[in-house]
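# Working through the structure, step by step
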Amino acid sequence: TVDASKLVKAGEEPPEEAGEDGDEGAAPLTEANVGVPRAPDGRWASCVRVVDVGGRKSLCVRELPDNVAAFSVAAVPFRDMGGEFAIVVGACSGLELHPRSVSGGQIDVYRLLDNGRRLELVHSTPCEEMPYALADFGGRLLVGVGATLRLYDLGKKRLLRKCEARPLPTMIQSIQVVSNERIVVGDASESFHWVRYRAQDNALAVFADEPVSRHLTAACQLDYNTVAGADKFGNVFVLRLAPEAGGAADAAHMDGYLNGAPNKADLVAQYHVGEIVVSLQRVKLSAGGAECILFVTNMGAVGALLPIASKDDVDFFKHLEMHLRQEAPPLCGRDHMFYRSSFYPVKDTTDGDLCEQYSSLPTKTQAAIAEDLDRTPQEVAKKLEDIRNRIL
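Here the structure is a predicted model, which means the values were calculated and not measured. (Residues numbered from 1 in each chain as written. Predicted model: local features only at pLDDT ≥ 70, side-chain atom pairs only at ≥ 80, totals over all residues. Heavy atoms only, no water.)

## Brief notes about the packing of helix 2 (residues 311–327) against helix 6 (residues 377–391)
Running from N to C, helix 2 and helix 6 point in directions that differ by 115 degrees, and their axes come no closer than 12 Å. In terms of orientation, helix 2 and helix 6 fall into the roughly perpendicular class. In the crossing of helix 2 with helix 6, the sense of the turn from one axis to the other is left-handed. Of helix 6, the residues touching helix 2 (which contributes Asp313, Phe316, Phe317 and Leu320) are Val380, Lys383, Leu384 and Ile387. For the contact of helix 2 with helix 6, a count of residues per class yields six nonpolar, no polar and two charged. (Axes fitted to C-alpha atoms, helices over the stretch in contact; angles between N-to-C directions. Helix = DSSP H or I, 4+ residues; strand = E, 2+ residues; numbered from the N terminus. Parallel < 35°, antiparallel > 145°, perpendicular 65-115°, else oblique. Left-handed = near helix turned anticlockwise from the far one by under 90°. Contact = heavy atoms within 4.5 Å. Nonpolar A, V, L, I, M, F, W, Y, C, P; charged D, E, K, R; others polar.)

## What about the packing of aromatic side chains?
If you walk through the whole model with that rule in mind, you get seven aromatic pairs. On the basis of an interplanar angle of 35 degrees and a centroid distance of 6.1 Å, the ring pair of Phe71 and Tyr132 is categorised as tilted. Separated by 61 residues along the polypeptide, Phe71 in strand 3 (residues 68–77) and Tyr132 in strand 7 (residues 131–137) bring together distant segments of the chain. Taking relative accessible area as the criterion, Phe71 reaches 30% and is therefore assigned partly exposed. One Lys or Arg, Arg214, reaches over the ring of Tyr344 and ends 4.5 Å from the middle of that ring. (Phe/Tyr/Trp six-rings, centres within 6.5 Å; stacked < 30°, edge-to-face > 60°. Buried < 20%, exposed > 50% of the residue type's maximum accessible area, 1.4 Å probe, protein only. Lys NZ or Arg CZ within 6 Å of the ring centre and 35° of its normal.)

## Concerning the side chain of Glu210
Mapped onto the secondary structure, Glu210 falls in the loop between strand 14 (203–209) and strand 15 (216–221). Setting aside anything within four residues of it in sequence, one finds Glu210 in contact with Ser191, Phe192 and Leu239.

## Digging into the pattern of salt bridges
Under the criterion given, the structure shown has 18 salt bridges. Its salt-bridge partner being Lys347, residue Asp348 comes within 3.8 Å of it at the nearest N-O pair. Overall, Lys347 belongs to the partly exposed group, its relative accessible area being 31%. Between Arg388 and Glu356 there is a salt bridge, with its nearest N and O atoms 2.8 Å apart. (Salt bridge = Lys/Arg side-chain N within 4 Å of Asp/Glu carboxyl O.)

## Topic: the sheet that holds strand 21 (residues 292–297)
The pairing of strands in a sheet comes from backbone hydrogen bonds and takes either a parallel or an antiparallel form. Here we have three strands laid out as an open sheet, ordered 20-21-22, and antiparallel in their pairing. Edge positions in the sheet fall to strand 20 (277–283) and strand 22 (302–305), since each has one partner strand and no second. Strand-to-strand twist across the sheet, computed as the mean angle between neighbouring axes with direction ignored, equals 25 degrees. Where strand 21 lies against strand 22, four bridges are found, and the strand directions are antiparallel. Within the sheet, the bridge partner assigned to Val296 lies in strand 22 and is Val302. (Pairing = 2+ DSSP bridges.)

## Here's the deal with the confidence of the model for the protein chain
Across the protein chain, the average pLDDT comes to 88, with 90% of residues at or above 70. Note on residues 1–7: pLDDT is under 50 here. Beyond four places in sequence and across chains, it has nine contacts. (pLDDT = per-residue confidence, 0-100.)

## Re the pairing of strand 4 (residues 85–93)
For a regular strand, side chains alternate in direction, first toward one face of the sheet and then toward the other. By the criterion of burial, strand 4 is predominantly enclosed, with seven of the nine residues buried. Examined bridge by bridge, strand 3 and strand 4 share nine bridges and lie antiparallel to one another. Bridge assignment links Ala74 to a residue of strand 4, and that residue is Val88. Two strands pair when backbone bridges link them, and strand 4 and strand 5 (residues 104–113) are joined in this way by eight bridges, in the antiparallel orientation. Residue pairing for strand 5: Ser93 is matched across the bridge by Gly104.

Here it is as structure tokens:
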């Protein structure tokens, strides 16, 4: 055990004091040598930090109270602040992971001062559950408080609750704002739910969901009707809602029946990565390059999903992948399609890593595959290189 009263914070000059034998100038214990005092099990600590990325230094640090854990942050241009961005932090106290329980939640609003170099706490709003997801919604704040989606506006002493939707099955994991009336909400174990905001009634209502239960870990909005997601079993998928869903015809049946929504999303693509995907982003990696879905896994892998618009390219890569499944089987003998369909059948997705093995095959095998594809081996290799160049 270490006496916390003898610890000296890093960067401070240690005071001279007698050693164990009464010698002057003995080196005291410092945080740099022995670390900081450890809290007992089940305690949390968090802080809000402003970082200068270019200078690689912290500009401002605001410590949260003891046993308070921060889980979400968002920059929101509140209308009552004249469009000035405020930093909103969602936190909870007394969190226990299994079984999950909290003593209470809070939503802190900070104002940026000195050109964004300093934080000032405006107010803190208590809530009954963990605010795990935050999003800007037209100058107001959307918050996923546990399983409930709420809309808040800025008040003088606290956030003002304007409306809320009926609770989702478990807990809100993500919030994607599509427009001023459509929101895509990700549930921790029940996939995506599409929510419509009716301004004339000031109400939120779920009008579509997915029939398959998915434990979401990441989400990315692709267009007005399409969303990409990832689950904790290593699957990446794309869902699309029918264009007519959520129209005036569904206004009278927004809440659905038997805890379900009146519309269901269709599965567009499905692929098993093999590692848990923790982030999805729609990006363009180079000037003049094609847009792709970039994903990052918990093991540090970075991958990209590239949409293919040409039917000829789709047929080419589908047949190339079919040949390589036979000519370049996995080392451990497991069937490739069975692996990529570990939890759900793979759909409309080609394994680029497998296609890249074409160049490592024997010359005769390359020629046989190219002949079946009505191409030369050089043309096949050039096609693979063009796909890489479209991303990079």
